[in-house]
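# Results of the structural survey
For reference, the chains in residue letters:
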Amino acid sequence: MSLESNISPKWLDEQYRLWKENPDALDEQWQAFFKGFDLAQETEFGDRDLAARNSAVDSLIYRYRDLGHLMACTDPLSPCPAENPLLALQAFDLDEQDLDTTFFPLRFPQQSATLKEIIALLRDTYCRSVGVEFMHIQNPLDRQWLKDRMEATRNRPALTRDEKLAILAKLQEGTQFEAFLHKKFLGQKRFSLEGGEVLIPLLESLVEKSAELGVSDLVMGMSHRGRLNVLANIFTKPFENIFAEFKDNLELAFVGEGDVKYHKGYSVDRTMASGKTIHLSLAANPSHLEAIDPVVIGKCRARHSNYGPGGRQRVLPVLIHGDAAFAGQGIIPEVLNLSQLDGYQSGGTIHIVVNNQIGFTTDPAHARSTLYATDVAKMLMIPIFHVNGEDPEAAVHATQLALEYRQKFRKDVVIEVICYRRHGHNEGDEPFFTQPLMYEKIRRRPPLHEVYASRLLEEGLDPQAIAQQLDAIRQRLETAYTSEPQGQEDIGFQAKWSGFQREYTPKGPDTQVPAEKLRTLSARLAAIPPGFAAHPKIAKLLQKHQETVEQGNEINWATAEALAFASLLTEGHPVRLSGQDSRRGTFNHRHSTLVDQNNGRLHVPLAFLEPGQAFMQVYDSMLSEVAVLGFEYGYSLEEPNGLTIWEAQFGDFANGAQVIIDQFLAGSGTKWDRFSGLTLYLPHGYEGQGPEHSSARIERYLQLCADHNLLVANPSTPAQLFHLLRRQVLLPFRRPLIIFTPKSLLRHPRCSSQLDAFCKEGFQVFRPAVTPSEEAKTLLFCSGKIVYDLQAQIDEEQRTDIAVLCVEQLYPFREDLLREQLARFSRVEHYTWVQEEPENMGAWSFVRPQLTRLLGHEPTYVGRPASATTAVGSHRRHQQEQKQLVQTALSLQKDA
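Heads up: these notes are all about the structure in this document. Given the structure is predicted, the values throughout are model-derived calculations rather than measurements. Throughout, residues of each chain are indexed from 1 in the direction in which the sequence is written. With the structure being a predicted model, the display of local features is reserved for residues of pLDDT at least 70 and the display and counting of side-chain atom pairs for 80 or more, all residues being used for whole-chain, interface and lining totals. The basis for every side-chain value is the complete set of heavy atoms in the structure, and neither hydrogens nor water enter the calculation.

Another point: the pattern of salt bridges. We define a salt bridge as a contact between a side-chain nitrogen of Lys or Arg and a carboxyl oxygen of Asp or Glu at a distance within 4 Å. This model, assessed by the stated rule, comprises 54 salt bridges. Between Lys116 and Asp100 there is a salt bridge, with its nearest N and O atoms 3.7 Å apart. With Lys116 in helix H4 (residues 115-126) and Asp100 in the loop between helix H3 (48-67) and strand E1 (102-103), the pair connects residues that are 16 residues apart, well separated along the chain. Three exposure classes are used, based on accessible area relative to the maximum for each residue type with a 1.4 Å probe and protein chains only: buried under 20%, partly exposed in between, and exposed over 50%. The partly exposed category is assigned to Lys116, whose relative accessible area is 49%. Owing to a relative accessible area of 58%, Asp100 belongs among the exposed residues under this scheme. Here Glu204 and Lys170 are joined by a salt bridge, their closest N and O atoms 3.8 Å apart. Here Glu204 is found in helix H7 (residues 199-212), whereas its partner Lys170 is found in helix H6 (residues 161-184), with 34 residues between them in sequence. Going along the chain from the N terminus, every DSSP run of H or I of four or more residues is numbered as a helix, and every run of E of two or more is numbered as a strand.

Quick look at the structure:
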């Protein structure tokens, strides 16, 4: 009978008498229980000092668990820490005379033990090659799970001879690969892993254990340090191909201009020793060290969403960081913060921090204000393992324990491998210039595979087996060097990407939807579930939206967007919208998610259109741009058949995510042959709200455009948005779509569309906003909100001599379609570009040469003068400027 069973006092008394007569007649639990009972009796009636000392021992155990990492021997370049006064016996009113006393600690692997035995277990567990920070975790179940597994094994793995040889083989592979590159390609950058070679057996054990635990997809992100080694020895990228890249073999070049070899991605299916197969994917990454982190998390979220229930257990994100980057880059806490958020969690990430104790040339004392490089991770209440980089067995043990924790609790885990960097930042740097003392220590250290081999020899392993492994690795490298490279597969357009083409084509798909279907969808969007207490104003608003569709006129922006989403969902295309306040909409217009006013329950009408529809997701994101945009970019890579949208609260807030825009959205196709259909919503428009809420910086996106890498649009009507969103999904290729979305136009009386525009038309790259008459002598080009100001003034003045052409798609700039439009303006003599942005901003700098080439002369510019800021702070001054530029645009013809 266990301690948890229902027991009677009579039975308990019988068991106590039995224990007194013959303690071994009872199991260990009851023996410990009655020992404790007698101890309490002694305390009550006799030896109170013994009880106090037993309590002191419990405090000592707690402190070792909490602070034992401070005594851990984890730095291969420094002597092991001396005694810590916080862990001394005197700190607990104990002394050496207590060492042989038997105590009965609570929740300890041994029911009873001498103090000497207790300390020995604690030191072995927490103060050797693995230091663990876990007592900050508030959930007692998490803590106890970790204690049970660490203290039972004393944080030492029980490895077989073959397992130890396998670890040695991976160390040899890692070291020999670097030595071979150094010999054959002297002077070329490779960002060596030397000094941190333990990463290779660590990752190998992670991959093997992941496959055993049911992981089918492991997605990894890492920067350049050690990347080639990981590609060769974990991802099994052919040595021949890596050597060909060092030889600058153009036959292996990527489509497009490519990137340096230590930025490229790779994927492979590996069958492990257990017989299990696992798909490994290494995401391409720029030199911006941690920018890849949210991308990997987004990729994993999409994959496990596609797997359905249990998907989080099948997909494992692994991020490899540097110590300086983990402590210094602000994207790290943003990514950590994603880990438990409903719309962004991916079942927990394994973070591996390769701490080579230097950042380029910067010492840790100048790189962080914390004790550990990993201290920022404590915000998550997750375990952090600090491991000596010269103890590969400890590294393997910590990694497997971390993975088991992740699989059970679905939380992040951090493994910090404390090692060193044998060379400078790259192989051409001289580290003695800045760290002479450190590098003198490093110079004297033998390679890790030799250190570990010596240890195995002392344990009795056959030296011939060790030598044979090393010779075989060297022979493989030599053979590969003289062999032809293996052909590279077109890995960018397989599986879910196989139905898409790489090349841009200008012809757009049919985006029309029958009127009857739109009416049906609008009715379902307005339906409130029985018993759901929607806010009366929202219910009325949804009803009004439905009425506009039924009547076929005055369809506004929010309704057009909802119809675009609904039509795609019922055609089998998933939709995901994410951003700050995106459920309601920053400007209180979308209301995609209804909230029950009585119980807070949520209802998303777009998710309940019809049986079998595609998956609809809409989330309010955390207050971040770079991490959330990176996440959505990664998500879009794994969901090319869907519409994935990131919405900025205001367009200029995307500045905080510029690295994702520049390095991934604009350049990934050319650099890595990786394309994305991610859509960006960037609210833009001059309404007198000041410099920070007016401009989405149109000019910056147009400056990034070349080689058909982006689609940039500034739609001015609800129907145009409808067709633009549908076109983005129905196109045969994928490119990021930048949409400059409106603010005041969301409720502008002129900014509405007729139902026929959804059913009988398509997206217009150039939209005639004021139909030309035979009298028109002036043509005004414009883009965005300013068109409504021009229309209003033209109507007020009853002008028939002016036509307006609104540029709805800025890039690719369709000269062929513009020529067709210009043919309609045969009597026009004056051409003017009108914008509300300053002259050095907006689209003017981009369209100026395009229009000049087409017209044969430069059009007149009308807009605000060049400015250091996007807009004025005074609303009154804004109105004066806006009125003046509209009047100037219309008066040019009169003046002429």
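Another point: the pairing of strand E15 (residues 643-647). E15 sits mainly inside the fold: five of its five residues count as buried. Here E15 shows a buried face lined by Leu643, Ile645 and Glu647 and a second buried face lined by Thr644 and Trp646. Here the rule is simple: two strands pair whenever DSSP picks up at least two bridges between them. For strand E11 (residues 575-579) and E15, the ladder comprises five bridges, and the chain directions are parallel. Bridge pairing links Gly579 to Glu647 in E15. The pairing of E15 with strand E16 (residues 679-683) spans three bridges and is classified as parallel. Paired with Ile645 across the two strands is Thr679, which belongs to E16.

Strand order in the open sheet formed by seven strands is E14-E11-E15-E16-E18-E17-E22, and the pairing between neighbours is mixed. In this open sheet, the two strands that pair with only one neighbour each are strand E14 (616-620) and strand E22 (809-811). Strand-to-strand, the axes of this sheet are offset by a mean angle of 20°, without reference to chain direction. Its contacts with the sheet place helix H25 (residues 718-730) against E15, E16, strand E17 (711-713), strand E18 (737-741) and E22, and it is angled at close to 165° to E18. Note on geometry: axes are C-alpha line fits, over the in-contact stretch for helices, and angles between N-to-C directions span 0 to 180 degrees. Contacts were defined at the residue level, with two residues in contact if any of their heavy atoms lie within 4.5 Å.

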